[in-house]
Amino acid sequence: AQCFQKAADAGNSSAQVMLGLYYMKGRGVERDLKRSMSWYQRASVLENIDGIFGVAFAYDEGLGVEKDAKKALEGYLKAAELGHVGAQFNLGVLYENGMGVEKSSKEAEKWYARAADQGYMEAQLKAS
């Protein structure tokens, strides 16, 4: 994690995302979900697609922040529209199950198809 710290402090959004992941998983550092969220937020401000997804995922799962379906949805939508395959899949799940959104098989299928088109295996199974 130390190798990413200088780059992250200097504003490298990819390094910020890596630190967010390391703190979320406790890889090479003590697990710290609030610190993880802080790094993801810094990367998302710089329009890093993985940072945007990390913030959305944290709100979705309540990792280092209060669960907030609306903020999760906003983040997933932004990341998905930028082409983030995980966000596209997660939107499919939200719409399929009516989690934080009105249940819509049409919307679920749309997002699963987008993720499937990028080779996301689980989405391919859902889209078929």
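Scope of this entry: the structure provided in the associated data block. (Residues numbered from 1 in each chain as written. Predicted model: local features only at pLDDT ≥ 70, side-chain atom pairs only at ≥ 80, totals over all residues. Heavy atoms only, no water.)

**Let's talk about the packing of helix α2 (residues 13–25) against helix α3 (residues 33–45)**
Look at α2 against α3: their axes get within 8 Å of each other, and the N-to-C directions meet at 160°. Viewed along their axes, α2 and α3 adopt a mutual orientation that is roughly antiparallel. As α2 packs across α3, the resulting crossing turns out to be left-handed. When α2 is examined against α3, the residues Ser13, Gln16, Val17, Leu19, Gly20, Leu21, Tyr23 and Met24 are found in contact with a partner set consisting of Leu33, Arg35, Ser36, Trp39, Tyr40, Arg42 and Ala43. Along the lines of polarity and charge, the residues of the contact of α2 with α3 split into nine nonpolar, four polar and two charged. (Axes fitted to C-alpha atoms, helices over the stretch in contact; angles between N-to-C directions. Helix = DSSP H or I, 4+ residues; strand = E, 2+ residues; numbered from the N terminus. Parallel < 35°, antiparallel > 145°, perpendicular 65-115°, else oblique. Left-handed = near helix turned anticlockwise from the far one by under 90°. Contact = heavy atoms within 4.5 Å. Nonpolar A, V, L, I, M, F, W, Y, C, P; charged D, E, K, R; others polar.)

**Brief notes about the nonpolar core**
Among the nonpolar cores identified, the biggest contains 29 residues, and Leu73, Tyr76, Ala87, Leu91, Leu94 and Tyr95 are the most heavily contacted of them. Tallying contributions element by element places helix α4 (residues 49–61) first for this core, with six residues. Setting aside residues no more than four positions away along its own chain, Tyr95 makes contact with Leu73, Val101, Glu102, Lys103, Ser104, Glu107, Ala108 and Trp111. Formed by five residues, the second largest nonpolar core is a distinct cluster that contains Ala8, Ala15, Leu19 and Trp39. (Core = buried A, V, L, I, M, F, W, Y, C linked by side-chain atoms within 4.5 Å. Buried < 20%, exposed > 50% of the residue type's maximum accessible area, 1.4 Å probe, protein only.)

**A few points about the packing of helix α6 (residues 85–97) against helix α7 (residues 105–117)**
The interhelical angle for the contact between α6 and α7, taken along N-to-C directions, is 160°, at an axis separation of 8 Å. As the angle between them shows, α6 and α7 are arranged roughly antiparallel. As α6 runs across α7, the sense of the crossing is left-handed. Of α7, the residues touching α6 (which contributes Val85, Gln88, Phe89, Leu91, Gly92, Val93, Tyr95 and Glu96) are Glu107, Ala108, Trp111, Tyr112, Arg114 and Ala115.

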